[in-house]
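One letter stands for each residue in the lines below.
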Amino acid sequence: MATVYHGRPIEPYRLGVLIDLPEHPGLSDCWPDAVRLACEEAKARGLLERDVEVVVREVYAQPWSSAHGLIKAYRELVEDERVLGVVGPFTSDNCLALLPEIERLQVPTATICGSIRFAGDYAYAFANGGLADEPGVMAAWLRANGHRRVAVLRERTQIGEEYSEFFRYELQTHGLTITAEPPVYPATSVHELVEALNICRDSKPDALVYLGLGGVNQWVRPALERIEWDPPRIQTTAFVSATYSEERAQRLEGWVGVDQYDERNEVFVQMRRRFAKRFGYDYATSGLSTGYDIGHAFALALGRMRFATPTALRDAMDTLRRIPACTGGPGTIITLGPRDHRAYKGADFLILRRAHNGTTTFEGVAPVVPWRQPS
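The model shown is predicted, which means the values in this text are computed figures rather than measured ones.

J.: Please provide a residue-by-residue account of the overall build of the chain, values included.
T.: Helix and strand counts for the chain stand at eleven helices and 18 strands. In terms of overall dimensions, the chain is globule-like: its C-alpha atoms have a radius of gyration of 21 Å, near the 21 Å expected for 375 residues. Dimensions of the chain, computed from C-alpha atoms along their principal axes, come out at roughly 75 × 50 × 40 Å. Within the chain, the proportion of its 375 residues that are buried is 57%.

J.: I'd like to hear about helix α4 (residues 134–144), residue by residue, with values.
T.: The element α4 is extensively covered by neighbouring structure, given that nine of its eleven residues are classed as buried. Three or more residues of α4 are buried, namely E134, P135, G136, V137, M138, A139, A140, W141 and L142. After α4 finishes, the residue G146 shows a positive phi value of roughly 80°.

J.: Requested: an account of the packing of helix α10 (residues 286–304) against helix α11 (residues 310–317), with residues and values cited.
T.: Contact pair α10 / α11: the axes reach a minimum separation of 8 Å and the direction vectors enclose 110°. Considering their axes alone, α10 and α11 lie roughly perpendicular with respect to each other. Handedness of the crossing formed by α10 with α11: right-handed. Contact residues: α10 offers A297, F298, A301, L302 and R304, while α11 offers L313, A316 and M317. The residue inventory of the contact of α10 with α11, partitioned by class, reads seven nonpolar, no polar and one charged.

J.: Describe the domain arrangement of the chain, and please don't skip the residues or the numbers.
T.: As assigned here, the chain comprises domain 1 (4–129 + 264–345) and domain 2 (133–262 + 351–365). A C-alpha centroid distance of 29 Å is found between domain 1 and domain 2. With 27 residues of domain 1 in contact, the opposing surface of domain 2 contributes 19 residues. Counting each side, the surface lost to burial between domain 1 and domain 2 is near 1800 Å², with a carbon and sulfur contribution of 51%. Per-residue buried area on domain 1 facing domain 2 is highest for R117, G129 and R264; these three make up 25% of the total on that side. Connecting domain 1 to domain 2 are three salt bridges.

J.: With reference to specific residues and values, describe the nonpolar core.
T.: One finds F126, L142, F167, V209 and L302 to be the most contacted residues of the largest nonpolar core, which totals 65 residues. Take this core: its biggest share by element is seven residues, from α10. Both domain 1 (4–129 + 264–345) and domain 2 (133–262 + 351–365) contribute no fewer than three residues apiece to this core. When near neighbours in sequence (up to four residues on either side) are disregarded, V209 contacts M138, L142, V150, A151, V152, L153, F167 and I234.

J.: Explain the sheet that holds strand β7 (residues 123–125) residue by residue, including any values.
T.: Taken together, the five strands give an open sheet; going across it, the order is β4-β3-β5-β6-β7, and neighbouring strands pair in parallel fashion. The open sheet has two edge strands, β4 (52–58) and β7, and neither has a second partner. Shown here is a sheet whose adjacent strand axes are inclined to one another by a mean of 25°, direction ignored. Where strand β3 (residues 13–19) meets strand β5 (residues 85–87), three bridges bridge the pair, whose relative direction is parallel. Following the sheet pairing, G16 is matched in β5 by V86. Packed on one face of the sheet, helix α1 (residues 31–44) meets β3, β4 and β5 and runs near 170° to β4.

J.: Break down the sheet that holds strand β15 (residues 333–334) for me, with residues and values.
T.: What the three strands build is an open sheet, ordered β14-β15-β16; its pairing is antiparallel. The sheet terminates laterally at β14 (323–324) and β16 (344–345), the two strands that pair on one side only. Here β15 runs beside β16; their pairing, made up of two bridges, is antiparallel. By the bridge assignment, I334 is partnered in β16 with Y344.

Analysis parameters
Residues numbered from 1 in each chain as written. Predicted model: local features only at pLDDT ≥ 70, side-chain atom pairs only at ≥ 80, totals over all residues. Heavy atoms only, no water. Helix = DSSP H or I, 4+ residues; strand = E, 2+ residues; numbered from the N terminus. Rg over C-alpha atoms; globule rule 2.2 N^0.38 Å. Buried < 20%, exposed > 50% of the residue type's maximum accessible area, 1.4 Å probe, protein only. Axes fitted to C-alpha atoms, helices over the stretch in contact; angles between N-to-C directions. Parallel < 35°, antiparallel > 145°, perpendicular 65-115°, else oblique. Left-handed = near helix turned anticlockwise from the far one by under 90°. Contact = heavy atoms within 4.5 Å. Nonpolar A, V, L, I, M, F, W, Y, C, P; charged D, E, K, R; others polar. Domains from an automatic or database assignment. Buried area = accessible area lost by both parts, 1.4 Å probe. Salt bridge = Lys/Arg side-chain N within 4 Å of Asp/Glu carboxyl O. Core = buried A, V, L, I, M, F, W, Y, C linked by side-chain atoms within 4.5 Å. Pairing = 2+ DSSP bridges.

And the structure:
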């Protein structure tokens, strides 16, 4: 395609990438590259007429600091760098803190935030999990495996509280009872975690459930070993870190967790090969898959927008339907609309994996079992 018009170079479109979990291999490092690849491939397919420049900002926000730095970086991307859209940040607490600014500046912003409260005219959720969706997946696994009495280790955060709210909705449907529910803060210690896990163990549950972002995962194995407790256990998409490295998988030995990396998804299998050829590395993680999916969605929308403004990009994003996704089980699709900004669709956009011997394996999908139908 032409790069000059009436003797003047055509500028690339610009997308911002806002990272709130810096130095996180398997997620923060590959996200900008995944966006770049998606845009390059859309242009090569003739679906996008310009190059795309990716502008990256990295900020340590919550839980290390307040959201002030994150909001400042977002404003810089929009007002100084003149991006048309923003990819990120990652976590629900930071996305919710940023939401008023997203709506004020009216720039389409796509994140992997799992909170259903991240909703607005310019807010798009390519949820890496889903705080409202995962509890149903976990409850279905518990019921299918005969676990009825569960102890819940709950984070005292926005994420933990939202998970807990929706897990409670699943109790009656799946015939579950909570035997104990000690709250913990993500920045904890083995000693504090031992105290909470003792409460859980002493309630004599069939299984242990962890509801949180994953702050306790670095301490949970030594804490369980210290009290010599090895229960059946399941956790949220805090589990996805187990796919990032052997060391992180060893931390979660014996855990089943909600994830979105599924080796049966050929869309992701093929994309990983192209990514490795282009950049010289790759990851079997939902961090890589969501980065490409968001970049792909933005690239298609950039090619469809009628004029180059953030609002026109938003309107084009809302036309995307049935785009095959790298993330989730086979058949997961991306579909958006003017009042539907939660991208992933399909019964198996969330799957289950198990950590064992420094790696993870596919555990299965959550069974969708109808209620007892009237005769």
